[in-house]
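# Report on the structure
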Amino acid sequence: MTAADLARLDVPLAELIRRVDEMTALKRERMASALLAEERHQCDPVDGLFAGLPCTCKTPLATNDDYPGFADWITQQQAKNRQYRRAA
């Protein structure tokens, strides 16, 4: 990098302070917005219903029969994992 390159990158202190202040204000604005959104979510009257959606299905969506050999493969992987941990 040459002195000419550095000269293009050099920013007056006042400009740097302005940019930092601008970024800080934007960060505060976004944080306040996020906190308000989380607060609204905590007070959501149907949140309990939404949380229960995945639990309403009484029949299994997938079984071992849907993935032949998978249970055996998992058992083998777990055995390899245990063996590796003992060796390490």
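Above: the structure in question.
Residues numbered from 1 in each chain as written. Predicted model: local features only at pLDDT ≥ 70, side-chain atom pairs only at ≥ 80, totals over all residues. Heavy atoms only, no water.

## Topic: the overall build of the protein
Secondary structure summary: the protein contains 4 helices and 0 strands in total. With respect to the principal axes defined by its C-alpha atoms, the protein has extents near 70 × 50 × 25 Å. The burial tally for the protein puts 0% of its 88 residues in the buried class. Accessible surface computed for the protein: about 8,600 Å², of which carbon and sulfur atoms make up 60%. (Helix = DSSP H or I, 4+ residues; strand = E, 2+ residues; numbered from the N terminus. Buried < 20%, exposed > 50% of the residue type's maximum accessible area, 1.4 Å probe, protein only. Areas by Shrake-Rupley, 256 points an atom, 1.4 Å probe, with all protein chains shown as cover.)

## Focus on the packing of aromatic side chains
Applying the stated rule across the entire model yields 1 aromatic pair. Both rings, one in Phe70 and one in Trp73, keep their centres 5.9 Å apart while their planes meet at 25°; by these two values the pair is stacked. Taken together, the residues Phe70 and Trp73, both in helix H4 (residues 70-87) and 3 residues apart, mark about one turn of the helix. Classification of Phe70 by relative accessible area gives partly exposed; the value is 44%. Judged by its relative accessible area of 44%, Trp73 falls in the partly exposed class. (Phe/Tyr/Trp six-rings, centres within 6.5 Å; stacked < 30°, edge-to-face > 60°.)

## Section: a nonpolar patch on the surface
Where nonpolar side chains cluster on the molecular surface, the patch consists of Leu13, Leu16, Ile17, Val20 and Met23 and spans about 490 Å² of accessible area. One can find Leu16 in helix H2 (residues 13-42). (Patch = residues over 30% accessible without salt bridge, like charges linked within 9 Å, V, L, I, M, F, W, Y side chains within 5 Å. Salt bridge = Lys/Arg side-chain N within 4 Å of Asp/Glu carboxyl O.)

## Some points on the pattern of salt bridges
Tallied over the entire structure, the rule returns 3 salt bridges. Residues Arg19 and Glu15 are paired through a salt bridge, measuring 2.9 Å at the closest nitrogen-oxygen approach. Of this pair, Arg19 and Glu15 both sit in helix H2, 4 residues apart, which is roughly one turn of the helix. Among the residues examined, Arg19 registers a relative accessible area of 41% and is labelled partly exposed. For Glu15, a relative accessible area of 24% gives the class partly exposed. Salt-bridge contacts for Arg18 lead to Glu22; the nearest nitrogen and oxygen are separated by 2.9 Å. Here Arg18 pairs with Glu22, and both are found in helix H2, just 4 residues apart, close to one helical turn.

Take it as geometry only, folks, not as evidence of what the structure does.
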